[in-house]
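Coordinate analysis (summary)
Chain by chain, the residues:
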Amino acid sequence: MKIGLSYSRCVRDIVDGVVDINDVLIVIAGTDFDPNDDEQWAGIWADYRIGFLSLPAWRKYADEDEDRFRAVSIQLWSDGKLHQPRKFGAQRLSRGEVWLEAVLPSIELEKNVAAKDAWERFQVVAQLAGASLKDREFD
């Protein structure tokens, strides 16, 4: 399971196929917007593509790619995987990492079908890469 720490870079990684959205536990974003709101989305797309940022994370993508970025954003939102602390009057801590790996205790996996499915998919990839966490217990 992955915990994302940068909205723009995490969505970019999902769009590019670097990270499977099913392996994402949560993305903790510094944003405060609803991707279903056309006006708010237009601001996000502009800022991360050509906007005020010195190196916009989505600058290399064409206009035609906007729908893919928005679809990923909406799916994260709909699945409850997009956490925006600013919506609650808090700020996220800035870190250098884009993704953190997380291992959920077995009891949590049993209660959360989506998390269990993502964990099982992660295990397949880990085995293909020559690593395995299956023998470890995290209760």
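Residues numbered from 1 in each chain as written. Predicted model: local features only at pLDDT ≥ 70, side-chain atom pairs only at ≥ 80, totals over all residues. Heavy atoms only, no water.

Turning next to the pattern of salt bridges. Using the criterion set out here, one finds five salt bridges in the structure. Note that Lys-2 is salt-bridged to Glu-101, the shortest N-O span being 2.3 Å. Linking Lys-2 in strand β1 (residues 2-4) with Glu-101 in strand β4 (residues 99-101), this pair joins segments that are 99 residues apart in sequence. Asp-32 serves as the salt-bridge partner of Lys-87, at 3.0 Å between the closest nitrogen and oxygen. With Lys-87 in the loop between β3 (82-83) and β4 and Asp-32 in the loop between β2 (24-28) and α2 (38-49), this residue pair connects regions lying 55 residues apart in the sequence. Look at Lys-87 and you get partly exposed, because its relative accessible area is 37%. (Salt bridge = Lys/Arg side-chain N within 4 Å of Asp/Glu carboxyl O. Helix = DSSP H or I, 4+ residues; strand = E, 2+ residues; numbered from the N terminus. Buried < 20%, exposed > 50% of the residue type's maximum accessible area, 1.4 Å probe, protein only.)

What follows concerns the packing of aromatic side chains. Scanning the model with the defined rule gives eleven aromatic pairs in all. Judged by centre distance (5.4 Å) and plane angle (70°), the rings of Tyr-7 and Phe-33 are edge-to-face. Of this pair, Tyr-7 sits in helix α1 (residues 7-15) while Phe-33 sits in the loop between β2 and α2, and the two are 26 residues apart along the sequence. Relative accessible area serves as the criterion here: at 2%, Tyr-7 is assigned to the buried category. Owing to a relative accessible area of 2%, Phe-33 belongs among the buried residues under this scheme. Through pairs of rings, three or more aromatic residues link up here, namely Tyr-7, Phe-33, Trp-41, Trp-45, Tyr-48, Trp-58, Tyr-61 and Phe-69. (Phe/Tyr/Trp six-rings, centres within 6.5 Å; stacked < 30°, edge-to-face > 60°.)

With 13 residues, helix α3 (residues 66-78) extends 18 Å from end C-alpha to end C-alpha; this agrees with the ideal 18 Å at 1.5 Å per step. Burial in α3 covers these residues: Phe-69, Arg-70, Val-72, Ser-73 and Leu-76. Projection of α3 onto a plane perpendicular to its axis shows the buried side chains occupying an angular sector of 160°, all on one side. Of the residues in α3, the exposed ones pointing more than 90 degrees away from the buried face are Asp-67 and Ser-78. Looking at the packing, one finds that the buried side of α3 touches α1, β2, α2 and β3. (Expected span 1.5 Å × (residues − 1). Arc of directions from axis to C-beta. Contact = heavy atoms within 4.5 Å.)

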